[in-house]
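Reading the structure
As a plain string of letters, each chain reads:
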There are 2 protein chains.
Amino acid sequence: MTQVANIETTKIGWIGTGVMGTGMCRNLINAGYSVTVFSRTKEKSQPLIELGAVWADSPREVAQQSDVIFSIVGMPEDVRQITLNPETGVLAGCKAGNIIVDMTTSEPKLAIEIAAEANKREIASVDAPVSGGDIGASSGTLSIMVGGDANAVAFIGPCLEVMGKTIVHQGEPGTGQHTKMVNQILVAAGMVGVCESLLYASRAGLDLDTVLKSVSSGAAGSWALSNLAPRIVEGDFEPGFFVDHFVKDLGIAVAEADKAGLELPGLSLARDLYQRVQADGDGSCGTQALQKALAKMSGLDWPA
Amino acid sequence: MTQVANIETTKIGWIGTGVMGTGMCRNLINAGYSVTVFSRTKEKSQPLIELGAVWADSPREVAQQSDVIFSIVGMPEDVRQITLNPETGVLAGCKAGNIIVDMTTSEPKLAIEIAAEANKREIASVDAPVSGGDIGASSGTLSIMVGGDANAVAFIGPCLEVMGKTIVHQGEPGTGQHTKMVNQILVAAGMVGVCESLLYASRAGLDLDTVLKSVSSGAAGSWALSNLAPRIVEGDFEPGFFVDHFVKDLGIAVAEADKAGLELPGLSLARDLYQRVQADGDGSCGTQALQKALAKMSGLDWPA
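The shown structure was predicted, so the numbers you read here are calculated from the model rather than taken from an experiment. (Residues numbered from 1 in each chain as written. Chains lettered and ligands numbered in written order. Predicted model: local features only at pLDDT ≥ 70, side-chain atom pairs only at ≥ 80, totals over all residues. Heavy atoms only, no water.)

A look at the relation of the copies chain B and chain A
When chain B is brought onto chain A, the operation consists of a screw motion whose angular component is 180° and whose axial shift is 0.0 Å, with 0.0 Å RMSD remaining. Both copies are brought into coincidence by an operation consistent with a two-fold rotation axis. It is Ser222 of chain B whose C-alpha, among those of chain B, lies nearest the rotation axis, at 1.9 Å. Of the interface residues in chain B, 100% have counterparts in chain A that sit at the interface too, so the contact is made through matching surfaces. (Least-squares fit on C-alpha atoms with pLDDT ≥ 70 in both. Contact = heavy atoms within 4.5 Å.)

What follows is the structure, encoded as structure tokens:
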């Protein structure tokens, strides 16, 4: 029988306290886990410290105090740095039997590389990127896509259940990240469809709210259409999920597809379009800001 | 107060008895309406004749026997022919006060042209394309996107309610067709996303059913993912909706977008890809057959 993480005895480390990380770590603290925390900018950990988390001065020091070390940071380079840096990284502070869990959306090949490094030291490595945005992070309803050794995944199950609602073990190291890429390919195509269809509808002189009544519940229906199209109609481009992060994710997906010899023209198009959104200065808007860039390509403004 | 169609007194004409038309007309007959029917191939009307529909030898003769004349045929040219042909067309047989309702997915500009011709003769014209496939047609659960004069739309409301579940009046003539184009732009982008994401997942060595558990219920979720991805995983390309019909629809959407000065690169890409599916000989498969063409572009087979 596989052991599982226990609130009494399992010490948690947490690295990265952006919007996502803060919400997820808060749920662990509220569930009763002891947490040691590190973030590049210490002030960002302050809300968690006030809830009882203990500060450490580096990822390495976090690991020295912990059994299971979670991370959710920005770019793949950041994951590499916090994990593999020989002076300050997590692995430098780990003991045999520890489990490291990176929840950043990052490169599948990096997840595989880290798992191999960790295994040399009898440490288990799990990749567990998430979907569900800041709301899912704070409410504990994320979808968590998990790759890694089955025993390690079973051990951290109780922790993941505090953070997510849909938790699926996909297979060996890297499969969590690959599954997240699948998710982002779907999201990207969906956003292109939502934005192009609304642009068409607007130009055809249709009433957009009335159009959404016709198309939302049938074969054209999607999460994006139900949740983001109404914001686009209102001209609300506030971030649920940042364009800058999405461009990073799509870049990883394009690179992986290239490496695998796959021609995915819809993905390539979506990446190009989102780079335009960035170039237009909307990188810190939500992904629905694609609507503005798309309208601009036809010489139009949005809202019209 | 607007009059509405009455089962006792409103005589229905029906033109076009393909898979969709047969299911829809059967629901009208079963509801109690008297129906006169015409189809290019008489045998296809036989099941409706057996239910009580009366055969007529041309669209014109259908109109001579009817108050409200519905049509659902193949291409815009067919709509033009059955409606406007001076010898055999519906308008040639109509009386002032009649209502003609074309439910074919066709060109918005043709719907506008027909409405103008009809109005000259004090006939109302409604465009009312549908979404929901053969299952929606036979079960009376279609989404019906309606354009045309409000009084005429109100009059035929009871008939539409027999055929559909989501019935939304979008505005003047042509707006029903424009709304259907919005629907198809969404469907096309969604299918590109579903097929590319499954190809990526397969090539990454993921278990496809397990991947779908992770991605189906969150921000990547859609009708297509829930309903067509499982068929693609099984290698089931049986038609719910024919590729040939979808290529027609996307061609209309591309032409309308061009005319409106819109650059819709996702729509253009989807049209190109679906033309490849046709060129591969899969025009009579369901739209999910895009998966095969996409795999082929990367030198792969599907199922792998």
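So, the domain arrangement of chain A
Residues and elements named next belong to chain A. Examined at the domain level, chain A breaks down into domain 1 (11-172) and domain 2 (179-297). Each of domain 1 and domain 2 has a C-alpha centre, and these two points are 29 Å apart. Counting residues at the interface gives 15 residues for domain 1, matched by 10 residues for domain 2. Taking both partners together, domain 1 and domain 2 bury about 1,000 Å²; carbon and sulfur atoms supply 63% of that area. Three residues stand out in domain 1 for area buried against domain 2, namely Thr105, Pro108 and Met145, and they jointly supply 41% of the buried area on that side. Elements that contribute at least two residues to the side of domain 1 that touches domain 2 include exactly helix H6 (108-120) and strand S7 (130-131). In terms of residue class, the side of domain 1 that touches domain 2 is built from six nonpolar, six polar and three charged. (Domains from an automatic or database assignment. Buried area = accessible area lost by both parts, 1.4 Å probe. Helix = DSSP H or I, 4+ residues; strand = E, 2+ residues; numbered from the N terminus. Nonpolar A, V, L, I, M, F, W, Y, C, P; charged D, E, K, R; others polar.)

Details of the interface of chain B and chain A
Contact residues are listed per partner, giving 60 residues for chain B and 60 residues for chain A. Summing both partners gives a buried area of about 4,800 Å² for chain B against chain A, and 67% of it is carried by carbon and sulfur. In terms of surface lost to chain A, no three residues of chain B exceed Leu186, Tyr200 and Ser214 of chain B, which account for 15% of the buried area on that side. Scanning the region where chain B abuts chain A turns up zero salt bridges. If you look at where chain B meets chain A, you find 20 residue pairs in polar contact (both at pLDDT 80 or more). (Salt bridge = Lys/Arg side-chain N within 4 Å of Asp/Glu carboxyl O. Polar contact = N/O pair within 3.5 Å; in protein donor to acceptor, adjacent residues only side chain to side chain.)

Describing helix H4 (residues 76-84) of chain B
Since one α-helical turn is 3.6 residues long, residues separated by three or four positions face the same way. Along H4 of chain B, the positions that sit buried rather than exposed are Pro76, Val79, Ile82 and Thr83 of chain B. What you see down the axis of H4 of chain B is that its buried residues fit within an arc of 130°, all on one side. (Buried < 20%, exposed > 50% of the residue type's maximum accessible area, 1.4 Å probe, protein only. Arc of directions from axis to C-beta.)

Some details on the packing of helix H9 (residues 175-203) of chain B against helix H10 (residues 208-215) of chain B
Residues and elements named next belong to chain B. As a packed pair, H9 and H10 sit with axes 10 Å apart at the nearest point and diverge in direction by 130°. Viewed along their axes, H9 and H10 adopt a mutual orientation that is oblique. Handedness of the H9/H10 crossing: right-handed. Facing H9, whose interface residues are Leu198, Ala201 and Ser202, H10 presents Leu208, Val211 and Leu212. Residues belonging to the contact of H9 with H10 are distributed by class as follows: five nonpolar, one polar and no charged. (Axes fitted to C-alpha atoms, helices over the stretch in contact; angles between N-to-C directions. Parallel < 35°, antiparallel > 145°, perpendicular 65-115°, else oblique. Left-handed = near helix turned anticlockwise from the far one by under 90°.)

Description of the packing of aromatic side chains
On inspection of all chains with the given rule, the structure shows eight aromatic pairs over all chains. For the ring pair Phe241 of chain A and Phe246 of chain A, a centre distance of 6.0 Å and an interplane angle of 80° mean the geometry is edge-to-face. Ring geometry for Phe38 of chain B versus Trp55 of chain B: centroids 5.6 Å apart, planes at 35°, classification tilted. Pair noted here: Phe38 of chain B is in strand S2 (residues 34-38) and Trp55 of chain B is in strand S3 (residues 54-55), with a separation of 17 residues, a long-range link. Look at Phe38 of chain B and you get buried, because its relative accessible area is 15%. An aromatic cluster is defined as three or more aromatic residues linked by ring pairs; in this entry it consists of Phe241, Phe246 and Tyr274 of chain A. (Phe/Tyr/Trp six-rings, centres within 6.5 Å; stacked < 30°, edge-to-face > 60°.)

What about the side chain of Ser66 of chain B?
Residue and element names in this part refer to chain B. Summarising the element assignment, Ser66 is placed in the loop between helix H3 (59-64) and strand S4 (68-71). Overall, Ser66 belongs to the buried group, its relative accessible area being 1%. A distance of 3.3 Å separates a polar atom in the side chain of Ser66 from the backbone nitrogen of Gly13. Not counting residues up to four positions away in its chain, the partners in contact with Ser66 are Lys11, Ile12, Gly13, Thr36, Lys95 and Asn98.

What to know about unusual backbone geometry
Residues and elements named next belong to chain A. The step from Trp302 to Pro303 runs through a cis peptide bond, and the omega angle for that step is 0°. Inspection of the secondary structure assignment puts Pro303 in the segment after helix H15 (290-297). One non-glycine residue, Glu122, adopts positive backbone phi at about 60°. Position of Glu122 among the secondary structure elements: in the loop between H6 and strand S6 (124-127). By relative accessible area, which is 62% here, Glu122 ends up exposed.

With respect to the pattern of salt bridges
All names here are of chain A. Inspection of every chain in the model, using the stated rule, returns 14 salt bridges over all chains. Note that Arg80 and Glu113 form a salt bridge whose closest N and O atoms lie 2.9 Å from each other. Of the two residues, Arg80 is situated in helix H4 (residues 76-84) and Glu113 in helix H6; the sequence distance between them amounts to 33 residues.

Brief notes about the packing of helix H9 (residues 175-203) of chain A against helix H13 (residues 243-259) of chain A
Residue and element names in this part refer to chain A. Here H9 crosses H13 at 115°, and the two axes come no closer than 10 Å. One element, H9, and the other, H13, form an angle in the roughly perpendicular class. In the packing of H9 onto H13, the handedness of the crossing is left-handed. Residues His178, Lys180, Met181, Gln184, Ile185, Val187 and Ala188 of H9 pack against Phe246, Asp249, Leu250, Ile252, Ala253 and Glu256 of H13. Across the contact of H9 with H13, the residue classes tally to eight nonpolar, two polar and three charged.

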